[in-house]
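Chain residues, written in single-letter form:
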Amino acid sequence: MKRLLIYIYLQFKMLLRLLPALIAGVAALSLMAGLIAFCGQKVFKEQSVYSYRIKAAIVPDDDSDLTDYLIQMLESTKSISDTCEFIETDYDTAKRLIRQKKVQCALIIPKGFTESVKTGRNLPIEIMFSDNGSMITLVLRQLSVAGADILASAQAGIYTQFDLYQKYNFFKENDEANEYLNKTFLKYVLQRQKMYKRSGSAISGSISIAEYYKCAGIGFVLLLIGIACPTFFSEENGVFDVYSSTRGIPYLFRVFSKIFIFVTICECALAVFLTPEEALKLLPAVFASVSLTALLYKLSSSGSVGIMVIFLLNFSSCLLSGYFLPKVFFPAYLQDFGDLLPSGMIFNQVQYALYDRPAHSLQLMVMSAILLMAAIISDTVTRRFS
């Protein structure tokens, strides 16, 4: 037992000698993760739909009291003014603003609009859209088309009623029928808050963008921290290896002691920056990342090759698991594949530890056992052939 404890002490001492390189590696990886998070927050900046106001130009070519009343009604209606900002201007300026993409659309009220309403000719209000292809412009275009269809249906109903009542001399019931039509056509507008319910959506799920990239950064550091100490995981000195065997220190114990020591150091570091409870919840993720690191070093011909393999493999797997670009942008099969990777499980475990998202602790422990077995088998085979 004393020999085993001495061996653990020697390995711990060896890792402490590598502590400056380990700290430098963590700092470099944290800086890289911070830059990724900064860029991600800039690209996917959360903005409430209620704080974003659509800019629209209004061109009142029809100089009448009805047109002024219409513009005032648009500007004073709360549900419209909360989402739209109107700029009253002339036709040429409106076209220039649309061409420069400073407004999303322009409403041109034609000359003679008021008289056309009185006579039944109903000159249409022209709507021009910006060609920037943004989601807002597309939604506005579809809403205007839907509104035009609803208005056409309402007009058809009103004019049909008028013609029928005029033909069959039912004008004395016209007011009552007109009131019924108005209730029918306007009830959806007046009850629009009952028709639709508001629900938030975010590319990062139930956590914010900042929280999402915080989890991604921690997972990124855990997966790549092993590149800072290749000499700890690579094959030991031959003389010391033979000496350890002759002194009765089992090979499996030597492998597990390295994993245990590195996991302990990582857990202590996490407990400093996070709470002890969160660090404990991250134990399966730390164990899985260290096991994967050990396997990749065992499969590599040298420490430098192992560094390259660990970086390339883990960086590409982090990309597929949504560390840099949220995986909602990926096809469904890529999202499922990213969740099955060690990086995906580690990312989900970090989210569980910090924000109580669904956990993958059991899957991580099973995967860690498989990775350790693979590392031991590969190292055994390499030793036998060498």
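Placed above this text is the structure.
The residue numbering used here restarts from 1 in each chain and proceeds along that chain's sequence as written. Per-residue local features are limited, in this predicted model, to residues with pLDDT of at least 70; the limit for side-chain atom pairs, both in listing and counting, is 80 or more; totals at the level of whole chains, interfaces and linings are taken over all residues. Side-chain measures were taken over the full set of non-hydrogen atoms in the model, leaving aside hydrogen atoms and water.

1. Observations concerning a positive patch on the surface
Here the term patch refers to residues with relative accessible area over 30% and no salt bridge, with like charges joined within 9 Å and nonpolar side chains (Val, Leu, Ile, Met, Phe, Trp, Tyr) within 5 Å. In these tables, accessible area is a Shrake-Rupley quantity obtained with a 1.4 Å probe, and a residue counts as shielded only by the protein chains included in the view. What counts as a salt bridge is simple: a side-chain nitrogen of Lys or Arg found within 4 Å of a carboxyl oxygen of Asp or Glu. The charge count includes Lys and Arg as positive and Asp and Glu as negative, but it does not include His or the ends of the chains. Where a charge lies is defined by one atom per residue type, namely NZ (Lys), CZ (Arg), CG (Asp) and CD (Glu). A surface patch of positive charge is lined by Lys-55, Lys-95, Arg-96, Arg-99 and Lys-102. Looking at the secondary structure, you find Arg-96 in helix α5 (residues 91-99). Residue class for Arg-96 comes out partly exposed when judged on its relative accessible area of 35%. By the criteria applied, helices consist of DSSP H or I runs no shorter than four residues and strands consist of E runs no shorter than two, each listed in order from the N terminus. The cut-offs for exposure are 20% and 50% of the maximum accessible area for each residue type, with area from a 1.4 Å probe on protein chains only; residues under the lower value are buried, those over the upper are exposed, and the others partly exposed.

2. A short note on the packing of aromatic side chains
Working definition: an aromatic ring pair is given by the centre-to-centre distance plus the angle between the planes. In this scheme Phe, Tyr and Trp rings, the latter by its six-membered ring, pair at centre separations within 6.5 Å, and the angle between planes marks the pair as stacked below 30 degrees, edge-to-face above 60, and tilted otherwise. Counted according to the given criterion, the structure contains 8 aromatic pairs. Ring geometry for Phe-220 and Phe-324: centres 5.8 Å apart, planes at 70°, overall edge-to-face. Within this pair, whereas Phe-220 is found in helix α10 (residues 209-224), its partner Phe-324 is found in the loop between α16 (303-320) and α17 (332-340), the two being separated by 104 residues in sequence. In this structure, Phe-220 and Phe-324 share a single accessibility class: buried. Relative to Phe-347, the ring of Tyr-323 has its centre 4.8 Å away and its plane inclined at 40°; by these criteria the two rings are tilted. On the criterion of sequence distance, the pair formed by Tyr-323 in the loop between α16 and α17 and Phe-347 in helix α18 (residues 342-355) is long-range, its members being 24 residues apart. Like Tyr-323, the residue Phe-347 is buried in the burial classification. One aromatic cluster is present, built from ring pairs that chain together Tyr-212, Tyr-213, Tyr-323 and Phe-347. Between the NZ or CZ atom of Lys-281 and the centre of the ring of Tyr-352, over which it lies, the distance is 5.3 Å. Lysine and arginine charges are scored as sitting over a ring when NZ or CZ, respectively, is within 6 Å of the ring centre and within 35 degrees of the ring normal.

3. Comments concerning the pairing of strand β1 (residues 54-60)
With respect to burial, β1 is a largely interior element, 5 of its 7 residues being buried. Here the rule is simple: two strands pair whenever DSSP picks up at least two bridges between them. Both β1 and strand β2 (residues 84-88) contribute to a ladder of 5 bridges, which runs parallel. From the neighbouring strand, Ile-54 faces β2, where its bridge partner is Cys-84. With 5 bridges joining them, β1 and strand β3 (residues 105-109) adopt parallel strand pairing. Among the inter-strand pairings, Val-59 is bridged to a residue of β3, identified as Ile-108.

4. A look at a nonpolar patch on the surface
Together, Phe-12, Leu-16, Leu-19 and Ile-23 give the surface a local cluster of nonpolar side chains, amounting to about 330 Å² of exposed area. Elements that contribute at least two residues to the nonpolar patch include exactly α1 (2-17) and α2 (19-43).

5. Remarks on the pattern of salt bridges
Enumeration according to the criterion identifies 1 salt bridge in this entry. Notably, a salt bridge pairs Glu-277 with Lys-281, separated by 3.7 Å at the nearest N-O pair. Of this pair, Glu-277 and Lys-281 are both found in helix α14 (residues 276-281), 4 residues apart, which corresponds to roughly one turn of the helix.

6. What to know about the sheet that holds β1
Ordered by their spatial adjacency, 4 strands build an open sheet running β2-β1-β3-β4, and the pairing between neighbours is mixed. Taken across any chain shown, the strands that pair with only one partner, and hence form the sheet edges, are β2 and β4 (126-129). Adjacent strand axes in the sheet meet at a mean angle of 25°, parallel and antiparallel pairs treated alike. Any two residues having at least one pair of non-hydrogen atoms within 4.5 Å are treated as being in contact. In this description, a line fitted to the C-alpha atoms serves as the axis of each element, helices being fitted only across the stretch in contact, and the angle between N-to-C directions of two axes falls anywhere from 0 to 180 degrees. Running over the sheet, helix α7 (residues 135-167) touches β1, β3 and β4 and is turned about 160° from β4.

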